[in-house]
Structures are given as structure tokens and as C-alpha cells.
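A look at the structure
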Amino acid sequence: YNDSKPISEKIWDRVGISFRLALLSIILAYLVSIPIGIYSSYRKNSKLDRSLSLMLFILYSLPSFFVGTVLLLFFANPDYLVWFPESGIKDASIWSEHPEWSDSFWDIFNWERIKHQAPYLVLPLVTYTYSSFAFLSRIMRIGMIDVISQDYIRTARAKGLSERTVILKHALRNSLLPIITVFAAIFPLSVGGSIIIEEIFSIPGMGSEILDAILNYDYPMIIA
């Protein structure tokens, strides 16, 4: 209703950036959470385990709009630090000089394009990812604690295997099942995008498209 464009075309133009951001944030969350969960389970109820739990749950309790705004205030503000761009996903003037950098999904593997876009994605990725650390690391911790108490782990230790081998080779494999299962709950974000985060950082993804459709009463787009 708003601009008479085909809905499929509008979705295809927007879903790529939301998909990339969400996929990168999921990978980053798993890469950080799995080692934290393993270490916390191995050092169960130690001071470090309790400190990590407290820190992660404080992060989990912070809303994304607050974290995103604070990151912009301190790391994309001339009054403090200008380490990262404050909005968007590219510099339009530089982008126009490279017509080969189209918005096709497959072109994300262009190294020059990656270097250009990377600074724009750092703050949004942190905002996307931080809340997953507590959730995923706790699931990993519980899964590891359950597996470590099994008979075959005690048998592996009795054989004289090193603790590193027991944990990383025997225990880790089976304890990954719960954390893989919750991937189904996290992945839908990659299709729908995040309205709040994309609006804060002016990212032209599915989240901002949903908000635009709602504000303009574009019912076909909202339903799609």
C-alpha cells in the first residue's frame, strides 16, 4: 500500500542484513558461551563460578535498547570516543565507488566489502549477542554437570586419561545436545530481525521494515 512495490522484493532486499547480523550473533554467542559453561561446570560453586553467574545474569537483565544506547553514547560519540560509526551499515559515498559491492547475499564474501562494513556491525552485534551469554552458558553448565556425573566419565578417569581429554573429548560431546536444541528458539530472530536494535542503529533490515509497515498501516507487508 505504501510504495506499490512487490512484497517479495521488499522482503528480499531487507532480510539479508537481518539474517547476517543474527547469524553472526548466534555464532559469537555460542563461541563465548560454550567455554564459559564448560569452565563453570568444572569449577562448580567456586568463587569464579558464582562471579561469572552474577555478571552474566546482570547482563541478561539489561534491556537491549538501554545497552544499544549506552554503546552509542560512549563509543560513537565525539564527546567521548568515536571508535565506531553511529548508524547504518555502510558509507554511501565509498559504497557508490564500488558498483561490484551489490546488496546480494553472496557478495558478503568480498573481503573489501567486509572490511568496509565491519566497523558498522560491531556495536549492533554486541547488542544482539550479550543477552544470550547467560542463557546459553547456563544451559551448557547444567548439561556438563549432568554428564560429568555419569558412570562412563568416572570410568574414563579411572583409566588414567587426562582431565582435559575426559572433559573435552568424552563429556563435551554429549553435553552439547541441550545447547543445540535451543538453537531452534534463537534462530527465528534471523528472519524477523529486531525492531528495537535495528531502529537504534538505523539498520535497514526486517525489523525496521516491520516498524515502517506498522506506522504506515501497510497491512499486506505486516501480514507477510
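Look a little higher up for the structure.
Residues numbered from 1 in each chain as written. Predicted model: local features only at pLDDT ≥ 70, side-chain atom pairs only at ≥ 80, totals over all residues. Heavy atoms only, no water.

What follows covers the environment of Tyr219. Residue placement: Tyr219 occurs in helix α12 (residues 219–223). Assessed through its relative accessible area of 47%, Tyr219 is described here as partly exposed. When the C-alpha positions of Tyr219 and Asn2 are compared, they lie 9.5 Å apart, and in sequence the two are 217 residues distant. (Helix = DSSP H or I, 4+ residues; strand = E, 2+ residues; numbered from the N terminus. Buried < 20%, exposed > 50% of the residue type's maximum accessible area, 1.4 Å probe, protein only.)

Further remarks concern the pattern of salt bridges. Applying the stated criterion across every chain yields a total of four salt bridges. Linking Lys10 and Glu209 is a salt bridge whose minimum nitrogen-to-oxygen distance equals 3.3 Å. Of this pair, Lys10 sits in helix α1 (residues 7–42) while Glu209 sits in helix α11 (residues 206–215), and the two are 199 residues apart along the sequence. Side by side, Lys10 and Glu209 carry an identical accessibility label, which is buried. The shortest N-O distance in the salt bridge between Asp49 and Arg141 comes to 2.9 Å. Taken together, the positions of Asp49 in helix α2 (residues 47–61) and Arg141 in helix α5 (residues 111–148) put the pair 92 residues apart, joining distant regions of the chain. Here Asp49 falls in the buried class, since its relative accessible area comes to 3%. The exposure class of Arg141 is buried, given its relative accessible area of 14%. Shared partners join several salt bridges into a network, and the residues in it are Asp3, Lys10, Arg14 and Glu209. (Salt bridge = Lys/Arg side-chain N within 4 Å of Asp/Glu carboxyl O.)

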